[in-house]
Amino acid sequence: MEIDAPPTTAAADAPTHTRTRRALRATFANTAVRVNEQYGPIVRRRVDELVERLIARRGTVVDLVPEFAAELPLLVVVDILGVPAEDVALIKKWSDGQIALIWGQPSPDEQVRLAQGLLDFWRYCQRLVAFRLQEGHPGDDFVSKALRFRDGDDEVLTTDEVASLAFNLLVAGHETTSGLLAHSLDNALSERGRWERLVDNPSGVPALVEETLRFGPAIDGWLRVTSAPVTLGETTIPAGARCLLLIGAANRDSAVFAHADAFDPHRRDGKDHLSFGYGPHFCIGAALARLEAQIALTRLVTEVPGLRLAPEHLNSFKPNVAFRAHRALPVIVETFAQYDDTTAAAA
């Protein structure tokens, strides 16, 4: 079993990375203004649908991980890529499997099953591209835009590279944002006074999201290979060494952040984090992730101000080397605010 997906973005270096990144920048909105213009309507529509569904379940306990945090970014990214609605569950299963296979602790038998799923996922992306080619790629979805940018020229992009870009976006475009949403909601709800201040002043949501990115990134670590020897302190790492870069640890560097281990949405140095990477590999979806989290939390504090963590809530994360993901986030859904003067004063 072999997956012949060519490296394009995170797994590629120049000149391949330079060429494919150029194509990605031209076809995938990546600035705050462009993202809001192109993807904002999609995000708002999907947030409205999920919030309305939550409101319909007021008075009950709902797990926000599968019912909101994991679902919103997946629905947004499949809309952007033009994936049929009936395939959403498959995409979720395959992308979860990829992360579990690469970064988790699957048994030998489980590794075989997950690897087969990864192959099926790749073949699906190839078929998605082939289907758009048969259509003459007239749509406004990402795959159609990438094929138009390619314009039949393999020197610009091959069809397998278009499939590889779609493959990467279908995973990275929702798994990390799912983590950001769950972490942001947990941070907002874990101190009742913090949530109540957001209810009173939703303009504080962007700062809370940014501090969540620093304090508990969805990706805690990433593998890289050194291209040259490098000395850190008294240790020299040779060229060609495989390194696990601990992004979460870097974001708690006391030389960069004041009171680094404290969650403080009001800090002035919060945007100096590395949660979206740095340099040529900076996350192309950073602006989209921020937009999704900000729209989602603003809508929740406005429409479901009484939302609160369920008594049985206990933070637990999936066993994974790099992806920090909540197992569950049970909440009680109430549409009216329930202020607790004692809690608010303590916070």
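Quantities reported herein were computed from a predicted structural model and do not represent experimental measurements.

**Here we look at the overall build of the protein chain**
Each helix and strand in the protein chain was counted, giving 13 helices and seven strands. The C-alpha atoms of the protein chain give a radius of gyration of 21 Å, which matches the 20 Å a tight globule of 347 residues would have. In terms of overall dimensions, the protein chain has a C-alpha envelope of 65 × 55 × 45 Å along the principal axes. Counted over contacts in the protein chain with a minimum sequence separation of 6, partners at least 24 positions apart contribute 71%. Looking at the protein chain as shown, the accessible area adds up to about 16700 Å², and 54% of this sits on carbon and sulfur atoms.

**Points about the nonpolar core**
Ranked by internal contacts, the top residues of the largest apolar core, which has 87 residues, are Phe28, Phe68, Ile80, Leu81, Phe142 and Leu170. Once residues within four sequence positions are removed from consideration, phenylalanine 28 is found in contact with Arg34, Tyr39, Ile80, Phe142, Leu169, Ile284, Gly285 and Leu288.

**Notes on helix H1 (residues 16-27)**
Three- or four-residue spacings in an α-helix give side chains the same orientation, since the helix completes a turn every 3.6 residues. The first and last C-alpha atoms of H1 sit 17 Å apart over twelve residues, in line with the 16 Å expected at 1.5 Å per residue. Looking at H1, one finds that the buried residues are His17, Thr20, Arg21, Ala23, Leu24 and Thr27. Buried positions in H1, seen along its axis, are confined to an arc of 160° and lie on one side of it. Buried residues belonging to H1 abut helix H2 (32-55), helix H7 (142-150) and helix H8 (159-190).

**Structural notes on the pattern of salt bridges**
Opposite charge on two side chains permits pairing when their charged atoms draw close. Taken as a whole and judged by the stated rule, the model has 22 salt bridges. Measuring nitrogen to oxygen at the nearest pair gives 3.1 Å for the salt bridge that ties aspartate 261 to arginine 252. Among the residues examined, aspartate 261 registers a relative accessible area of 59% and is labelled exposed. In this structure arginine 252 comes out as partly exposed when scored by relative accessible area, which is 29%. Ionic contacts of the salt-bridge type, sharing partners, join the residues Arg45, Arg46, Glu49 and Asp79 into one network.

**What to know about the state of the cysteines**
Linking two cysteines covalently through their sulfur atoms gives a disulfide. Here the structure, examined in full by the defined rule, presents zero disulfides. Of all cysteine sulfurs, the one in cysteine 283 lies closest to cysteine 125, which takes part in no disulfide; the gap is 18 Å.

**Concerning unusual backbone geometry**
For the bond from alanine 14 to proline 15, the omega torsion is 5°, close enough to zero to count as cis. As for its position among the elements, proline 15 is in the segment before H1. The phi torsion at aspartate 151 lies on the positive side, around 55°, for a residue other than glycine. Looking at where aspartate 151 falls in the secondary structure, it is placed in the loop between H7 and H8. By relative accessible area, aspartate 151 is classed as exposed at 65%.

**Some points on helix H10 (residues 205-215)**
In terms of burial, H10 is a largely internal element, eight of the eleven residues being buried. For H10, the complete set of buried residues consists of Val205, Leu208, Val209, Glu210, Glu211, Thr212, Leu213 and Arg214.

**Description of the environment of proline 41**
For proline 41, the location among the structural elements is in helix H2. Judged by relative accessible area, proline 41 falls into the exposed class, the value being 51%. Separated by 58 residues in the primary sequence, proline 41 and isoleucine 99 have C-alpha atoms spaced 29 Å apart.

**Observations concerning the sheet that holds strand S1 (residues 61-63)**
In spatial order, the strands read S1-S7-S6; together these three strands make up an open sheet with antiparallel pairing. A single partner strand is all that each edge strand has here, and the edge strands are S1 and strand S6 (308-309). Both S6 and strand S7 (residues 330-332) contribute to a ladder of two bridges, which runs antiparallel. Among the inter-strand pairings, arginine 308 is bridged to a residue of S7, identified as isoleucine 332.

**A look at the environment of glutamine 98**
Along the chain, the position of glutamine 98 falls in helix H5 (residues 88-103). It is 29 Å that separates the C-alpha atoms of glutamine 98 and glutamate 155, two residues lying 57 residues apart in sequence. Look past the residues within four positions of glutamine 98 in its chain and what remains in contact with it is Leu118, Phe167 and Val171.

**Considerations on the confidence of the model for the protein chain**
Of the residues in the protein chain, 96% have a pLDDT of 70 or more, and the chain-wide mean is 90. Taken together, the stretch residues 341-347 has pLDDT below 50 and engages in eight contacts with residues farther than four places along the chain or on a different chain.

**Here we look at the packing of H5 against H8**
For the pair H5 and H8, interaxial distance at closest approach is 10 Å and the crossing angle is 85°. Judged by the inter-axis angle, H5 sits roughly perpendicular to H8. In contact with Ile91, Lys92, Ser95, Asp96, Gln98 and Ile99 of H5, H8 contributes Phe167, Leu170, Val171, His174 and Glu175. Counted by class, the contact of H5 with H8 contains five nonpolar, three polar and three charged residues.

**Quick word on the packing of aromatic side chains**
What the rule picks out here adds up to nine aromatic pairs. Note on phenylalanine 28 and phenylalanine 142: the rings are 6.3 Å apart at their centroids and 75° apart in plane angle, and the pair reads as edge-to-face. Placement of phenylalanine 28 in the loop between H1 and H2 and of phenylalanine 142 in helix H7 is noted, with a sequence separation of 114 residues between them. Since its relative accessible area comes to 3%, phenylalanine 28 is described here as buried. Ring geometry for phenylalanine 121 and phenylalanine 167: centres 4.7 Å apart, planes at 45°, overall tilted. Of this pair, phenylalanine 121 sits in helix H6 (residues 108-135) while phenylalanine 167 sits in helix H8; the two residues are 46 residues apart in sequence, bridging distant segments of the chain. Since its relative accessible area comes to 0%, phenylalanine 121 is described here as buried. By the ring-pair criterion, three or more aromatic residues cluster together here, those being Trp94, Phe121, Trp122, Tyr124 and Phe167. Lying over the aromatic face of phenylalanine 257, arginine 214 brings its terminal NZ or CZ to 5.2 Å of the ring centre. Lying across the ring of phenylalanine 215, arginine 252 places its NZ or CZ 4.0 Å from the centre.

Scoring rules and cut-offs
- Residues numbered from 1 in each chain as written.
- Predicted model: local features only at pLDDT ≥ 70, side-chain atom pairs only at ≥ 80, totals over all residues.
- Heavy atoms only, no water.
- Helix = DSSP H or I, 4+ residues; strand = E, 2+ residues; numbered from the N terminus.
- Rg over C-alpha atoms; globule rule 2.2 N^0.38 Å.
- Contact = heavy atoms within 4.5 Å.
- Areas by Shrake-Rupley, 256 points an atom, 1.4 Å probe, with all protein chains shown as cover.
- Core = buried A, V, L, I, M, F, W, Y, C linked by side-chain atoms within 4.5 Å.
- Buried < 20%, exposed > 50% of the residue type's maximum accessible area, 1.4 Å probe, protein only.
- Expected span 1.5 Å × (residues − 1).
- Arc of directions from axis to C-beta.
- Salt bridge = Lys/Arg side-chain N within 4 Å of Asp/Glu carboxyl O.
- Disulfide = S-S within 2.5 Å.
- Pairing = 2+ DSSP bridges.
- pLDDT = per-residue confidence, 0-100.
- Axes fitted to C-alpha atoms, helices over the stretch in contact; angles between N-to-C directions.
- Parallel < 35°, antiparallel > 145°, perpendicular 65-115°, else oblique.
- Nonpolar A, V, L, I, M, F, W, Y, C, P; charged D, E, K, R; others polar.
- Phe/Tyr/Trp six-rings, centres within 6.5 Å; stacked < 30°, edge-to-face > 60°.
- Lys NZ or Arg CZ within 6 Å of the ring centre and 35° of its normal.

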